[in-house]
Amino acid sequence: MKLIETKLKLLNGVEIPLIGLGTYKLTDETETYQTVLTALQNGYRHIDTAQYYGNETIIGKAIKDSGVPRNEIFITSKIWNANHKYDAALQEVDNILQRLDIDYLDLCLIHWPTVDRNECFRALETAYKAKKIRAIGVSNFEVSHLQELMTISEVKPMVNQIELHPGLNNTAVVEFCQQNGIIVESWATLMQGKCVTNPTILKIAEKHQKSPAQVCLKWAVQQNIVVIPKSTHKERLIANTQLDDFMLDEADMATLFALPQERLGSDPNYVDF
């Protein structure tokens, strides 16, 4: 089975595709519509969006127009920080469904660990039990956030979407999640484009006759980590799924894990929410 067709099983048995399309900063309606349509036409079956991205409505239209049956597409969205109080979060689930024009969401995440994060998760549990969401989880949670949540939640978080790339391997979070059956999803897997100028990654890419982006994506999927790279270019959209014909060996992986570590996004422990 090709990696684009590979799925990982969540704690409740729901399956999430290993490779998806990220849509952060896709704001132009025509470009967003065409990108989602092109991805679906080329085998993608996992679309990741968020309330914060402001593109759910056009993504929903592209999904409908694609002709791909709804039950074959895994759709993720996230509750933004301003809506983490229980009632606001519950309402936002309905708003997301309305904007995407769908009857259910495959996965809903808390976008960042705000002070109201546990209240938000309680709302996600309610929506999950009402079958509005097939799976629930979190984003940008550190081990301490997860430990606290797991002591008070009725439903265990099934996914943690975190900044993760060879320049930030986030090992402690990954190990904790994998020990607890929580699927890890990577954002910024391509190091926000920095992979194309990193000499270490370039050397490994040359060795395998692959692009630096493909090396970073392979580094993640070899750890059973879900990736959601974004591209508006058809060739790169397709290339991001062409990871089947090479393997990074132990030396490659060790070299990538030894890269200097630098967080590119906000630190979940110190963000002023």
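Computed from a prediction, not measured in an experiment: that's the story for all the values here.

Asks: Go over the environment of Val215, please, and point to the residues and values.
Replies: Residue placement: Val215 occurs in helix α8 (residues 212-221). In this structure the C-alpha to C-alpha distance between Val215 and Lys194, which are 21 residues apart in sequence, comes to 13 Å.

Asks: Any details on the packing of helix α4 (residues 117-129) against helix α5 (residues 143-152)? Residues and values, ideally.
Replies: Two measures define how a pair of helices packs: the angle their axes make with one another and the distance between the axes. Interaxial distance between α4 and α5 falls to 11 Å at its minimum, and their mutual angle equals 50°. What the angle tells us is that α4 and α5 run oblique. Here the hand of the crossing between α4 and α5 comes out right-handed. Every residue of α5 that contacts α4 at Arg117, Asn118 and Phe121 is listed here: His145, Glu148, Leu149 and Ile152. A breakdown of the residues in the contact of α4 with α5 according to their chemical character gives 3 nonpolar, 2 polar and 2 charged.

Asks: So what about the UniProt feature "site: Lowers pKa of active site Tyr" (unreviewed entry) in the protein? Which residues, and what values?
Replies: Taking the UniProt record as the reference, the feature "site: Lowers pKa of active site Tyr" (unreviewed entry) is found at Lys78. With respect to the element layout, Lys78 can be found in strand β5 (residues 74-79). A residue is classified by how much of its surface remains accessible, and Lys78, at 0% relative accessible area, is buried. Ignoring any residue separated from it by four or fewer positions in sequence, one finds Lys78 in contact with Asp48, Thr49, Ala50, Gln51, Tyr53, Ile96, Leu109, His111 and Gln161. There is a polar contact of 2.6 Å between the side chain of Lys78 and the side chain of Asp48.

Asks: Which residues make up the side chain of Thr6, and what are the values?
Replies: Within the element layout of this structure, Thr6 appears in the segment before β1 (7-9). Within the structure, Thr6 has its side chain in polar contact with the backbone oxygen of Lys2 (distance 3.0 Å). Filtering out sequence-adjacent residues up to four positions away, Thr6 remains in contact with Met1, Ile16, Pro17 and Leu18.

Asks: For the layout of surface pockets, give the residues involved together with the corresponding values.
Replies: What the largest pocket holds in volume is close to 980 Å³. In terms of lining residues, the largest pocket is bounded by 38 residues, among which Tyr24, Trp187, Ala188, Gln192 and Lys230 are the most central. Mapped onto the lining of the largest pocket, the elements with two or more residues apiece are β9 (183-187), α8 and α9 (234-239). A class-by-class count of the residues in the lining of the largest pocket yields 16 nonpolar, 17 polar and 5 charged.

Asks: Can you break down the sheet that holds β5 residue by residue, with the values?
Replies: Picture the strands of a sheet paired through backbone hydrogen bonds; they go either parallel or antiparallel. Taken in spatial order, the 8 strands line up as β3-β4-β5-β6-β7-β8-β9-β10 in an open sheet, and their pairing is parallel. Edge positions in the open sheet fall to β3 (21-22) and β10 (226-227), since each of these has one partner strand only. As defined by bridge partners, β3 adjoins strand β4 (residues 46-48) across 2 bridges and the pair is classed as parallel. When the bridges of β4 are listed, Leu21 appears paired with Ile47. Set on the sheet, helix α3 (residues 86-100) makes contact with β5 and β6 (107-110); between it and β5 the angle comes to about 140°.

Rules used in this analysis
Residues numbered from 1 in each chain as written. Predicted model: local features only at pLDDT ≥ 70, side-chain atom pairs only at ≥ 80, totals over all residues. Heavy atoms only, no water. Helix = DSSP H or I, 4+ residues; strand = E, 2+ residues; numbered from the N terminus. Axes fitted to C-alpha atoms, helices over the stretch in contact; angles between N-to-C directions. Parallel < 35°, antiparallel > 145°, perpendicular 65-115°, else oblique. Left-handed = near helix turned anticlockwise from the far one by under 90°. Contact = heavy atoms within 4.5 Å. Nonpolar A, V, L, I, M, F, W, Y, C, P; charged D, E, K, R; others polar. UniProt positions renumbered as here; feature names shortened; annotations may be inferred. Buried < 20%, exposed > 50% of the residue type's maximum accessible area, 1.4 Å probe, protein only. Polar contact = N/O pair within 3.5 Å; in protein donor to acceptor, adjacent residues only side chain to side chain. 1 Å grid on protein atoms, 1.4 Å probe; cavity = no way out; pocket = protein on both sides within 12 Å on 5 of 7 lines; lining within 4 Å. Points joined across faces, edges and corners; volume = space filled by probe spheres on them. Pairing = 2+ DSSP bridges.

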